Amino acid sequence: ELKVEQNPLFLSMQEGKNYTIYCNYSTTSDRLYWYRQDPGKSLESLFVLLSNGAVKQEGRLMASLDTKARLSTLHITAAVHDLSATYFCAVGTEGNQFYFGTGTSLTVIP
Amino acid sequence: EPEVTQTPSHQVTQMGQEVILRCVPISNHLYFYWYRQILGQKVEFLVSFYNNEISEKSEIFDDQFSVERPDGSNFTLKIRSTKLEDSAMYFCASSLRRDTEAFFGQGTRLTVV
């Protein structure tokens, strides 16, 4: 089974600071996704990364993919309170199975 | 904006009973998925469905589970004989292509008592 590890599991950061969430996975994959989940809510798609070296940015969030290292990062720039949520990475297999990471619970404090 | 809709939002059932969770994916999407999330835990893949058949399923998706697309718009998940450990939030998702983002429904909270 493909294993997906995220770290950190919990992240408390001050407004205005930068931080990176890491997502490591154990076997080759051609697709990596990042999702956001607010408490008690559904999952919202943030990014889809399909190739080695792919970088996507939306607002204060930037995601990248290194398929050789089997690593994706989600970088947060100048955090604001609205970014408080749980962030999941998910890896897709050739056969169209998906494996989610454990999630990173982000709290942005003033 | 198109969205994935799920019904009911909450279902309580007795152990051993059958439940059917319903989903209406986004109309032009071709790939459909069911996931579950036990409270406070990670999201677990159950099954993917394409071209009217299951394309992949996880170890969780045993003989007690089945999926169907009965009428070209609905996508259902049936659990034949529910167990206490089936209690979870069940999410349906759909995507246009295999490599595009999946849109998730709001979920059905299943409670087995």
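Think of each chain on its own: its residues are numbered from 1, step by step along the sequence as written. As a convention, the first chain written is A and the first ligand written is 1, with the rest following in written order. It should be noted that, the model being predicted, local features are given only for residues of pLDDT at least 70 and side-chain atom pairs only at 80 or more, the latter also being counted only at that level, while totals for whole chains, interfaces and linings use all residues. With hydrogens and water set aside, each side-chain value is computed from the structure's full complement of heavy atoms.

Q: Looking at this model, I keep getting lost on the interface of chain B and chain A. Mind explaining?
A: By a widely used convention, the size of an interface equals the accessible area lost when the partners come together. Taken together, the contacts link 22 residues of chain B with 21 residues of chain A. Where chain B abuts chain A, roughly 1800 Å² becomes buried across the two surfaces, and 50% of that area is made up of carbon and sulfur atoms. The term salt bridge refers to a pairing of a side-chain nitrogen on Lys or Arg with a carboxyl oxygen on Asp or Glu at a separation within 4 Å. The tally of links between chain B and chain A comes to 1 salt bridge. R98(B) serves as the salt-bridge partner of D30(A), at 3.3 Å between the closest nitrogen and oxygen. For this analysis, a polar contact is any N or O atom pair within 3.5 Å, provided that within protein one partner can donate a hydrogen and the other can accept it, and provided that sequence-adjacent residues contribute only side-chain to side-chain pairs. At the boundary of chain B and chain A, one finds 11 residue pairs in polar contact (both at pLDDT 80 or more). The contact criterion used is simple: two residues touch if any of their non-hydrogen atoms lie within 4.5 Å. Accessible area that two parts lose when put together, evaluated with a 1.4 Å probe and summed over both, is termed the buried area.

Q: How should I be thinking about the packing of aromatic side chains in this particular structure?
A: To describe a pair of aromatic rings, one takes the distance between the centres and the angle between the planes. Only Phe, Tyr and Trp rings are paired, with Trp represented by its six-membered ring, and only when their centres lie within 6.5 Å; those with planes under 30 degrees apart are stacked, over 60 edge-to-face, the remainder tilted. What the rule picks out here adds up to 18 aromatic pairs over all chains. Members of the aromatic cluster, each reached through a chain of ring pairs, are Y33(A), Y35(A), F88(A), F98(A), F100(A), Y33(B), Y35(B), F45(B), F91(B) and F104(B).

Q: Would you mind showing me how to read the side chain of R69(B) here?
A: All names here are of chain B. The way it works is that DSSP assigns letters per residue, a run of H or I at least four long becomes a helix, a run of E at least two long becomes a strand, and they are numbered from the N terminus. Along the chain, the position of R69 falls in the loop between β7 (65–68) and β8 (75–79). Buried charge without a salt bridge: R69, with D71 as the nearest opposite-charge side chain at an N-O distance of 6.0 Å. Looking at R69, its side chain comes within polar contact range of the main-chain oxygen of G72, at 2.7 Å. Among residues more than four places away in sequence, those in contact with R69 are P25, F32, F49, N52 and N74. Type-normalised accessible area, obtained with a 1.4 Å probe on protein chains alone, sets the label of each residue: buried when under 20%, exposed when over 50%, and partly exposed for intermediate values. In this count, Lys and Arg are taken as positive residues and Asp and Glu as negative ones, while His and the chain termini are left out.

Q: Hey, could you run me through the sheet that holds β7(B) in this one?
A: Adjacent strands of a sheet pair through backbone hydrogen bonds, lying either parallel or antiparallel. All names here are of chain B. The 4 strands are arranged β1-β3-β8-β7 in an open sheet whose pairing can be described as antiparallel. Pairing within the sheet leaves two strands with one partner each, and these edge strands are β1 (5–7) and β7. Here the strands of the sheet are splayed against their neighbours by 20 degrees on average, with no regard to which way each runs. Bridge count between β7 and β8: 4 bridges; the pairing is antiparallel. The residue bridging S66 from the neighbouring strand is K78, located in β8. Pairing between strands is defined by DSSP: at least two bridges between the two strands are required. Fitting a line to C-alpha atoms yields each axis, with helices limited to the stretch in contact; the angle taken between N-to-C directions then spans 0 to 180 degrees.

Q: In this structure, what is going on with the sheet that holds strand β7 (residues 61–66) of chain A? I would like to understand it.
A: All names here are of chain A. Strand order in the open sheet made by the 5 strands is β1-β3-β8-β7-β6, with antiparallel pairing throughout. Each edge of the sheet is formed by a strand with only one pairing partner; in this case those strands are β1 (4–7) and β6 (55–58). The average angle at which neighbouring strand axes cross in this sheet is 15 degrees, direction not considered. Here β1 runs beside strand β3 (residues 19–25); their pairing, made up of 4 bridges, is antiparallel. Counted as the bridge partner of N7 is Y22 from β3.

Limitation: the analysis is restricted to geometry and does not speak to function.
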